[in-house]
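# Residue-level structure breakdown
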Amino acid sequence: MPEGSREPVAVSQRYNVRRAAVLGAGVMGAQIAAHLANANVQPILFELAAEGKDKNANVKKALDALAKLEPSPLSTKAALAQIVPANYDEHLGLLAGCDLVIEAISERMDWKKALFEKVAPHLAPGAIFASNTSGLSITEMAKSLPPAVRKRFCGIHFFNPPRYMRLVELVPTPDTEPAVLDQLETFLTTTLGKGVIRAKDTPNFIANRVGVFSMLAAMHHTKQFGLGFDEVDALTGPAIGRAKSATYRTADVVGLDTMAHVVKTMGDTLPADPWAAFYRAPEWLAALVAKGALGQKTKAGIYTKKGKDILVLDLGKQDYRASAGAVAEEVAAILKEKNPGEQLAKLRASANPQAQFLWAIFRDLFHYSAVHLAEIASSARDVDFAIRWGFGWSRGPFELWQAAGWKRVAGWIAEDIAAGKTMAKAPLPKWVLEREGVHAAEGSFSAETGELVPRSTLPVYARQLFPETVLGEKQPDRGTTVFEDEGVRMWHQGDRIAIVSFKSKMHSLGHEVLVGLNRAIDEAEKNFDALVIWHEAPFAVGANLKAALEALKAGQVDDFEKMVALFQQTSQRLKYALVPTVAAVEGLALGGGAEFVMHSQRAVAALETYVGLVEAGVGLLPAGGGLKEFAQRAQAWARGGDAFPEIQRYFKMAAMAEVSKSAENAREMGFLRAGDLVVFHPAELLFVAKAQARALADAGVRPALAPAQIPVLGDTGAATLKMLLVNMKEGGFISAHDYDIASRIAEILTGGPVEPGSVVDEKWLLDLERKHFVALGQTEKTQQRIEHMLKTGKPLRN
């Protein structure tokens, strides 16, 4: 494409859901309703009618519990009020106004069918009806629905917690209209930010079928190799690219009763499966469930807490003991091997029980996934994404196998099957031995058709310029480089929208990044229509503390001050650039990262964006223009002309290093403005940011002129804020150094040593920021805090 040309991108027409009902206010139903509210879809949450005058008492109790959950299923506290409580006795008529109805009651087929018969007459003719079952037959459920409703019925399996877990499995019946699935997939992807996998209607679908089997395999081999539960969790978490909760902590979080139910479902519905003998809860699991020790929700299960100590169940002692599981040195060394094939070879060859355990769970996972691929999924890609998105693994089973050398590993599995070492005697499918892998540039292997299946061509995916990919898949074009240096890469995709991406670790904002970003702004003003800051999460974690500490320790105060001045200059350039500047933000945007978000002319943030001015945690204060911006915004947003309440709120945020809990919460806090956008699917972030940049450029938008006069509260305002600190200091809630930092923040926000009602300009406030930042940097206590953070990753109270 020649430079300067712009090719239109096809995007999907959204399935417009104005109002949705959720049937069932249990843990999942209430959280699904919460996420609909997050997305500004009006949710109606149904529950059984309560006895007494208030028939909504049951659903209100569920909403009260929802508000207390952590991490919060709500993007803002205000979202809770958007959920309409309802009951089946009084409010079935409300279903007629819903575009989408999701059933989320307990996993009982008879209960679900009875509810379907009750609600079906009240559904709108064009509404989509779906069940959130985690594994019951969708086709069997559909039999209780009228033929007209069956066409618009399917499974819609969210994973817990729905706000944070990417995966949703869509499960059609033979009667489900294809258009219904396309509409739902589009809605789930863009509006709710989900990764959608279309699963076959088999027990437990894809993710739970494979993921729960992997847990059962781990439980089986825990006993076989004589390992402790905590030892296995040390082995099966981040050490092998899986979630921190690993195996047994995951079971506790999910609920041991839920785990036992899922396993029972597999046993009841898969009696002829080669692994059927393992589809039953171990005796110890059944015993815990019987006595009500169900895991996290009952505060005791496989793990429990005694005071601050974490205890783990010891089957040998039939009691809890201190959790101290660790990876053996020999095994840790093997896991550091970068070549996946050599890593598996060494695990297989080692006599260490931990190594043998790991080889066994990988081998049985690969064996199981291959045997069941044709039955449960349309392609190997669907299995890998389902496990990545539903269980938090960095790679799915087929990716792991292919990365380790497909044929070599297949040979090892076949040898172990022949030797009777595997959990089942089923031979590997013929296709396994005939292939070199399952993922290729052309697509992923379907065991059902024997062909490579390309990605979905549903128009919604045109919004994902850099979608997640599986190992071996063709990678998206990375665009044309304008320049690349140590700190940044500036590039474009042929549409006159420049993109700058930071290259530093965690995208920290050191000298190289600041210089590179200034150069990118220069280039954009000369040769492009707009500039977007975008890279994978995190957006930016603040200044390069290591470089700052080195300068301070060496007594290079002038260099330290120059670094701060360059930071301020860069923020101001983002704000006043002659082309639109758009920050595309995902993940952490802390310290200087937050200040770049605040100074960009427009921000587009993924929902899971966490913004905060956190410098106080390392003994410093915001000095990249953040406090200057707060001082201005307080005046602009002051109610009744009194800016003090807003200044006080910003003061507390900066002094306490508060971080938003979502992008919408960041808007409430004042980091994002009313015109900034929130995107639910992070893979759509760049698409939307570029669209915003293009719209601003085409509209001829220019940056506002710098305000010549900013009213400030002056020394009286600062004194009032400091009075709030005195009691905290005297009560021992803050240290003397905390008091010093917060006092300096107060002085900057109120304009320094000037009369109340004085007017200052931006340079005055920036000078105050820089002066106090440099002064704090030279103190011993601040340097101790920075050093402690660099060593431990945790703040120091001194």
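In this section: the sheet that holds strand E12 (residues 439–440). Here 3 strands make up an open sheet; going across it, the order is E12-E13-E14 and the pairing antiparallel. Edge positions in the open sheet fall to E12 and strand E14 (452–453), since each of these has one partner strand only. Judged from the 2 bridges that link them, E12 and strand E13 (residues 443–445) form a sheet pairing that is antiparallel. Within E13, the residue paired with histidine 439 across the bridge is serine 444.

Attention now goes to the pattern of salt bridges. Going through the model one piece at a time under the given rule, you end up with 53 salt bridges. One salt bridge in this structure joins aspartate 273 and arginine 209, with 3.2 Å as the shortest N-O distance. Of this pair, aspartate 273 sits in the loop between helix H10 (256–269) and helix H11 (283–290) while arginine 209 sits in helix H7 (residues 207–224), and the two are 64 residues apart along the sequence. Classification of arginine 209 by relative accessible area gives buried; the value is 0%. One salt bridge connects glutamate 434 with lysine 430, and the closest N-O pair in it is separated by 3.8 Å. Here lysine 430 and glutamate 434 lie together in helix H18 (residues 430–434), a separation of 4 residues that amounts to about one turn. In this pair, the class of glutamate 434 matches that of lysine 430, namely exposed.

Looking now at the side chain of arginine 152. Checked against the element boundaries, arginine 152 lands in the loop between helix H5 (147–150) and strand E6 (153–158). For the buried residue arginine 152, which engages in no salt bridge, the nearest side chain bearing the opposite charge is glutamate 177, 4.1 Å off. Beyond its immediate stretch of four places on either side in the chain, arginine 152 contacts Tyr15, Pro125, Gly126, Ala127, Ile128, Phe129, Glu177, Val180 and Gln183.

On to helix H29 (residues 762–777), then. For H29, built from 16 residues, the straight-helix expectation of 22 Å at 1.5 Å per residue is met to within 8% by its first-to-last C-alpha distance of 22 Å. Taken together, the buried positions of H29 are occupied by Glu762, Leu765, Leu766, Leu768, Glu769, Arg770, His772, Phe773, Val774, Leu776 and Gly777. At the N-terminal end of H29, a side-chain oxygen is found 3.3 Å from the backbone nitrogen of lysine 763, two or three residues along, and the residue is aspartate 761.

On to the sheet that holds strand E19 (residues 581–590). Ordered by their spatial adjacency, 7 strands build an open sheet running E15-E16-E17-E18-E19-E20-E21, and the pairing between neighbours is mixed. Because the sheet does not close on itself, it has two edges, and the strands there are strand E15 (480–484) and strand E21 (677–679). Here the strands of the sheet are splayed against their neighbours by 25 degrees on average, with no regard to which way each runs. The sheet contact formed by E15 and strand E16 (residues 488–492) spans 4 bridges and is antiparallel. Along E16, the bridge assignment pairs threonine 480 with histidine 492. Contacts from helix H22 (residues 592–599) reach strand E17 (497–502), E19 and strand E20 (602–612), with the element oriented near 150 degrees to E19.

It is worth spelling out the environment of valine 513 at this point. Mapped onto the secondary structure, valine 513 falls in helix H19 (residues 511–527). Remark: the alpha-carbon pair of valine 513 and alanine 543, spanning 30 residues in sequence, is separated by 9.9 Å. Residue contacts for valine 513: discarding those within four places in its chain leaves Gly487, Val488, Phe502, Ser504 and Ser508.

Let us now look at the environment of valine 27. Topologically, valine 27 is positioned in helix H1 (residues 27–38). Its relative accessible area of 56% is what places valine 27 among the exposed residues. C-alpha separation for the pair valine 27 and glutamate 434, spaced 407 residues apart in sequence, amounts to 46 Å.

Moving on: the packing of aromatic side chains. Tallying each qualifying case throughout the model produces 27 aromatic pairs. Here phenylalanine 116 and phenylalanine 153 contribute two aromatic rings whose centre-to-centre distance is 5.5 Å and whose plane-to-plane angle is 70 degrees, an arrangement assigned as edge-to-face. Pair noted here: phenylalanine 116 is in helix H3 (residues 109–119) and phenylalanine 153 is in strand E6, with a separation of 37 residues, a long-range link. An identical accessibility class is assigned to phenylalanine 116 and phenylalanine 153; each is buried. Measuring from ring centre to ring centre gives 5.8 Å for phenylalanine 466 and tryptophan 491, while their planes differ by 80 degrees; the resulting arrangement is edge-to-face. Here tryptophan 491 lies in strand E16 and phenylalanine 466 lies in the loop between E14 and E15, a separation of 25 residues in the sequence. For the pair phenylalanine 466 and tryptophan 491, one class covers both residues: buried. Through a chain of ring-to-ring contacts, the aromatic side chains of Phe362, Phe366, Phe398, Trp401, Trp406, Trp431 and Phe445 assemble into a single cluster. Sitting over the ring of tyrosine 303, arginine 249 keeps its end group 4.0 Å from the ring centre.

All right, on to the packing of H22 against helix H23 (residues 626–637) then. As a packed pair, H22 and H23 sit with axes 9 Å apart at the nearest point and diverge in direction by 45 degrees. In terms of orientation, H22 and H23 fall into the oblique class. The chirality of how H22 crosses H23 is left-handed. Along the contact surface, H22 presents Glu595, Met598 and His599, while H23 presents Gly626, Lys628, Glu629, Phe630 and Arg633. Here the contact of H22 with H23 is built from residues that sort into 2 nonpolar, 2 polar and 4 charged.

We now examine the environment of aspartate 314. Structurally, aspartate 314 is set in strand E10 (residues 309–314). Not counting residues up to four positions away in its chain, the partners in contact with aspartate 314 are Asp319 and Arg321. At 2.9 Å, the side chain of aspartate 314 and the backbone nitrogen of glycine 316 are in polar contact. At a separation of 3.2 Å, a polar atom in the side chain of aspartate 314 contacts the main-chain amide nitrogen of lysine 317.

Along a regular strand, successive side chains alternate from one face of the sheet to the other. Side chains Ala530 and Val532 project from strand E18 (residues 530–533) onto one buried face, and the interleaved Leu531 and Ile533 project onto a second face that is buried too. Where E17 lies against E18, 4 bridges are found, and the strand directions are parallel. Residue pairing in the sheet places isoleucine 499 in a bridge with valine 532 of E18. Handedness of the E17-H19-E18 crossover: right-handed. Pairing analysis gives 3 bridges linking E18 to E19, with the strands arranged parallel. Each bridged residue has a counterpart across the sheet, and for leucine 531 the counterpart in E19 is threonine 581.

The subject of this paragraph is the side chain of serine 660. Topologically, serine 660 is positioned in the loop between helix H24 (644–655) and helix H25 (663–669). Note on serine 660: relative accessible area 3%, which makes it buried. A distance of 3.1 Å separates a polar side-chain atom of serine 660 from the backbone oxygen of serine 662. Aside from chain neighbours lying at most four places away, what touches serine 660 is Thr609, Tyr610, Val611, Asn665, Ala666 and Met669.

Cut-offs applied
Residues numbered from 1 in each chain as written. Predicted model: local features only at pLDDT ≥ 70, side-chain atom pairs only at ≥ 80, totals over all residues. Heavy atoms only, no water. Pairing = 2+ DSSP bridges. Helix = DSSP H or I, 4+ residues; strand = E, 2+ residues; numbered from the N terminus. Salt bridge = Lys/Arg side-chain N within 4 Å of Asp/Glu carboxyl O. Buried < 20%, exposed > 50% of the residue type's maximum accessible area, 1.4 Å probe, protein only. Lys, Arg positive; Asp, Glu negative; His and termini not counted. Contact = heavy atoms within 4.5 Å. Expected span 1.5 Å × (residues − 1). Polar contact = N/O pair within 3.5 Å; in protein donor to acceptor, adjacent residues only side chain to side chain. Axes fitted to C-alpha atoms, helices over the stretch in contact; angles between N-to-C directions. Phe/Tyr/Trp six-rings, centres within 6.5 Å; stacked < 30°, edge-to-face > 60°. Lys NZ or Arg CZ within 6 Å of the ring centre and 35° of its normal. Parallel < 35°, antiparallel > 145°, perpendicular 65-115°, else oblique. Left-handed = near helix turned anticlockwise from the far one by under 90°. Nonpolar A, V, L, I, M, F, W, Y, C, P; charged D, E, K, R; others polar. Right-handed = clockwise from strand over helix to strand, strands pointing away.

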